[in-house]
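Reading the structure
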Amino acid sequence: MTANAIASTNNDFDNDGLEDVTALPFGHDAEEYRSSNQAGSKRNKIIGGGLILMTGVISVIAAGYSTAAVSSNAIAHSMDIASKSSKAPKSSKAPKSSKAPKSSNPTESSESSQPSSIPSGAPSASGAPSASGAPSVSAQPSSSSMPSGAPSFTRATKIMNLLSSVSSEGALDDEDSCQGKASLWVTNYDTISPPLQPGTNDDQIIQRFVLAVFYCATGGADWTDNNGWLGSSNECDWFRVTCSSGVVTELATYDNNLVGSIPTELGSLDSLEYLRLFNNQLTGGIPTELGGLGSLQDLYLYVNQLTGGIPTELGELGSLQDLYLYVNQLTGGIPTELGGLDNLGLLFLHSNQLTGGIDGGICNLQSLTTLSADCNVCEDDATPDNCCTDSVGICD
């Protein structure tokens, strides 16, 4: 193998005309967001107005029943008095007080006068007056009067159960976590049309959820370009997301002001072939879950502020060809497991804080053409098990 000095590759990929944009939280389009809120507000006003109108009608009906009952009592009483006054008294004894006529029961009258059926969505009412004299009215609408756009409990539950295969239930239940926010967005606020249904669109629900978590965890609202992200369009049309047959194969938001950590959920994008997040301000560790991306060919995480060790799980990336981890703050040794990457051609590890030597298994990779590591790794031991020599590797 020959050693090649590799210059900075910051310009390997152009910026595709990056533009400054200001997005609503979680990427809602402003007009869509306002239209949705206005529609919801109008819908709520209509429902509320209907309840107030129905309440007024019921109050008028109840008042009419009460008035009718009082009038009936008065007429019956007058007729009784008129009847008695037309007859001469039989004796000087005071006449026995006549029994008051049975009053018409407002409740009974109300029941007999009620229509046989109540329109769907009308509030239930009781004609019996309350202590204040006003009829008691229940304003609880029936289920048929709820807005048709509200997510059903069954759908939300199924989606949450589906997402629990990707994220922990604790993270999903935490409304302040990116997982909690992303699950709420997928369940209630994702405006893709038609709405995704669990059982039918499981893969796409998970895919959009993972990308939403990534957007949140890396400060997507402040990216240099977040065009399309978390909008109503298909996720394959979002900025620097590439798909094949509707499945994400590339995520390349490099040089885009990503600030935050790489979420473990990216390990659920099973068909991902290229993960290019270089030239950003990413912190934290490299998720071990990335080792499950069996189709991954390029892993470009260079020029960030990543810490911790190189995960041994990266040795499971059988399709990996390029591994760029240079210019970070990685510590520890270089995993011997990388020696099992039979397709690895380029390995750049310099400008970190790595210690120890490089395993001979890595040196013996037939596919490896260039290896770049720091001198504090190379100088320790110039034995056959340490391939950091002038003929094989590069010392900065």
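Residues numbered from 1 in each chain as written. Predicted model: local features only at pLDDT ≥ 70, side-chain atom pairs only at ≥ 80, totals over all residues. Heavy atoms only, no water.

Moving on: the overall build of the chain. Looking only at helices and strands, the chain has eight helices and 15 strands in total. Going through the 396 residues of the chain one by one, you find that 37% of them count as buried. Within the chain, counting contacts between residues at least 6 apart in sequence, those at least 24 apart form 56% of the total. Split by element, the accessible area of the chain, about 21000 Å² in all, is 51% carbon and sulfur. (Helix = DSSP H or I, 4+ residues; strand = E, 2+ residues; numbered from the N terminus. Buried < 20%, exposed > 50% of the residue type's maximum accessible area, 1.4 Å probe, protein only. Contact = heavy atoms within 4.5 Å. Areas by Shrake-Rupley, 256 points an atom, 1.4 Å probe, with all protein chains shown as cover.)

With two bridges connecting them, strand β9 (residues 305–308) and strand β11 (residues 329–332) associate as parallel partners. Counterpart to threonine 307 in the pairing with β11 is glutamine 329. (Pairing = 2+ DSSP bridges.)

Burial along strand β14 (residues 370–373) is two-sided: Thr370 and Ser372 facing one way and Leu371 and Ala373 facing the other are all buried. Of the pairings in the sheet, the one linking strand β12 (residues 346–348) to β14 comprises three bridges and is parallel in character. Residue pairing in the sheet places leucine 347 in a bridge with leucine 371 of β14.

With that settled, consider the sheet that holds β9. What the five strands build is an open sheet, ordered β5-β7-β9-β11-β13; its pairing is parallel. The open sheet terminates on both sides in strands that have one partner only, identified here as β5 (259–261) and β13 (353–354).

Now for the side chain of aspartate 298. Mapped onto the elements of the fold, aspartate 298 is located in strand β8 (residues 298–300). Given the relative accessible area of 5%, aspartate 298 is considered buried. Residues in contact with aspartate 298, not counting those within four places in the same chain, are Glu273, Tyr274, Leu275, Arg276, Leu320, Gln321 and Asp322.

Bringing the pattern of salt bridges into the picture now. Throughout the structure, instances matching the rule amount to four salt bridges. With a shortest N-O distance of 2.8 Å, arginine 208 and glutamate 235 are connected by a salt bridge. Of the two residues, arginine 208 sits in helix α6 (residues 202–217) while glutamate 235 sits in the loop between α6 and β3 (241–244), which places them 27 residues apart along the sequence. For the residue pair arginine 208 and glutamate 235, the accessibility class agrees, reading buried in each case. When the shortest N-O distance is used, the salt bridge between arginine 276 and aspartate 298 registers 2.7 Å. Here arginine 276 is found in strand β6 (residues 274–276), whereas its partner aspartate 298 is found in strand β8, with 22 residues between them in sequence. On the basis of relative accessible area, arginine 276 is assigned to the buried category, the value being 12%. The network of salt bridges with shared partners includes Asp190, Arg208 and Glu235. (Salt bridge = Lys/Arg side-chain N within 4 Å of Asp/Glu carboxyl O.)

Taken residue by residue, helix α3 (residues 153–163) has Arg155, Ala156, Ile159, Leu162 and Leu163 as its buried positions. Along the axis of α3, the buried residues cluster in a sector spanning 125 degrees; they form a single face. In α3, the exposed residues that point more than 90 degrees away from the buried face are Phe153 and Asn161. Looking at the buried residues of α3, the elements they touch are α4 (169–173), α5 (178–189) and α6. (Arc of directions from axis to C-beta.)

Taken together, the side chains of Glu169, Asp173, Asp174, Glu175 and Asp176 define an acidic patch exposed on the protein surface. Relative to the helices and strands, glutamate 169 resides in helix α4. Among the residues examined, glutamate 169 registers a relative accessible area of 57% and is labelled exposed. (Patch = residues over 30% accessible without salt bridge, like charges linked within 9 Å, V, L, I, M, F, W, Y side chains within 5 Å. Lys, Arg positive; Asp, Glu negative; His and termini not counted. Charge placed at Lys NZ, Arg CZ, Asp CG, Glu CD.)

Turning our attention to the state of the cysteines. Enumeration over the complete set of coordinates arrives at two disulfides. Between the sulfur of cysteine 178 and that of cysteine 216 lies a disulfide, 2.2 Å long from S to S. Looking along the S-S bond of the cysteine 178-cysteine 216 disulfide, the torsion reads about -70 degrees, which is the left-handed sense. Taken as a pair, cysteine 178 in helix α5 and cysteine 216 in helix α6 lie far apart in primary sequence, 38 residues in all. Paired by a disulfide, cysteine 236 and cysteine 243 hold their sulfur atoms 2.1 Å apart. Looking along the S-S bond of the cysteine 236-cysteine 243 disulfide, the torsion reads about -90 degrees, which is the left-handed sense. For cysteine 243, a relative accessible area of 23% translates into the label partly exposed. (Disulfide = S-S within 2.5 Å.)

Okay, the environment of leucine 172 next. With respect to the helices, strands and loops of the structure, leucine 172 is situated in helix α4. Those residues in contact with leucine 172, other than ones at most four positions away along the chain, are Met160, Leu163, Ser164, Ser167, Gln179, Gly180, Ser183 and Phe209.

The next subject is the nonpolar core. In this structure, Trp229 and Leu251 are the most contacted members of the largest nonpolar core, which totals 65 residues. Secondary-structure elements contributing two or more residues to this core are α3, α5, α6, β4 (247–251) and β14. Ranked by size, the runner-up nonpolar core spans eight residues in total, among them Tyr254, Phe278, Tyr300 and Phe348. (Core = buried A, V, L, I, M, F, W, Y, C linked by side-chain atoms within 4.5 Å.)

The topology assignment puts leucine 266 in the loop between β5 and β6. You can call leucine 266 buried: its relative accessible area is 0%. Here the alpha-carbon distance between leucine 266 and phenylalanine 214, two residues 52 residues apart in the chain, equals 7.4 Å. When near neighbours in sequence (up to four residues on either side) are disregarded, leucine 266 contacts Val210, Phe214, Leu251, Leu275, Leu290 and Leu293.

On to the environment of serine 319. Examined against the element boundaries, serine 319 turns out to sit in the loop between β9 and β10 (322–324). Serine 319 sits in the partly exposed class, given a relative accessible area of 28%. Distance in space between the C-alpha atoms of serine 319 and leucine 344 is 7.9 Å, their sequence separation being 25 residues. With near-sequence residues (within four places) excluded, serine 319 lies in contact with Gly294, Ser295, Leu296, Gln297 and Asn343.

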